[in-house]
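# Observations on the model geometry
These are the residues of each chain, in order.
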Amino acid sequence: GDKGSAHEVVTTLTVCAKLAHRPSKLLAKALGTRARVVAPEMSPQDVSRILNAYARLMVHPGDKLLQALLARAEEVAPEMNARQVAGTLNAYARLSDSDDD
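Residues numbered from 1 in each chain as written. Predicted model: local features only at pLDDT ≥ 70, side-chain atom pairs only at ≥ 80, totals over all residues. Heavy atoms only, no water.

Bringing the packing of helix α3 (residues 44–57) against helix α4 (residues 63–76) into the picture now. Between two packed helices, the angle of one axis relative to the other and the distance separating the axes together describe the packing. Where α3 meets α4, the closest approach of the two axes is 9 Å, and the angle between their N-to-C directions is 145 degrees. Of the two elements, α3 crosses α4, and the hand of that crossing is left-handed. In this structure, α3 uses P44, V47, I50, L51 and Y54 to contact α4, whose residues at the interface are L65, L66, L69, R72, A73 and V76. Per-class residue counts for the contact of α3 with α4 are 10 nonpolar, no polar and one charged. (Axes fitted to C-alpha atoms, helices over the stretch in contact; angles between N-to-C directions. Helix = DSSP H or I, 4+ residues; strand = E, 2+ residues; numbered from the N terminus. Left-handed = near helix turned anticlockwise from the far one by under 90°. Contact = heavy atoms within 4.5 Å. Nonpolar A, V, L, I, M, F, W, Y, C, P; charged D, E, K, R; others polar.)

Take the nonpolar core next. The biggest cluster of nonpolar side chains holds 27 residues, and the ones touching the most others in it are L13, M42, V47, I50, L51, Y54 and L69. By residue number, the principal contributor to this core is α3, which donates seven residues. (Core = buried A, V, L, I, M, F, W, Y, C linked by side-chain atoms within 4.5 Å. Buried < 20%, exposed > 50% of the residue type's maximum accessible area, 1.4 Å probe, protein only.)

As structure tokens, this is what we get:
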């Protein structure tokens, strides 16, 4: 069955970020795995929001998920508004800086 739509996964991580609550390793792994599966369904807003959630939590999503999210960002870029483009680029820059750990 459905284990969480793209929007549900994004919303869960966004709420964690707004509350400044780092998810447990188990929850983070489950959300990351599901996000990779649903990345191709993500809307422009979903892509921007999930990247920003990871950046705000200062949690690197992992290379496979980051690649999937960036691939989706490229696909939906023509549909993104200026705020979503700026947010996506800003989050990517912040995540790239945290890559060192």
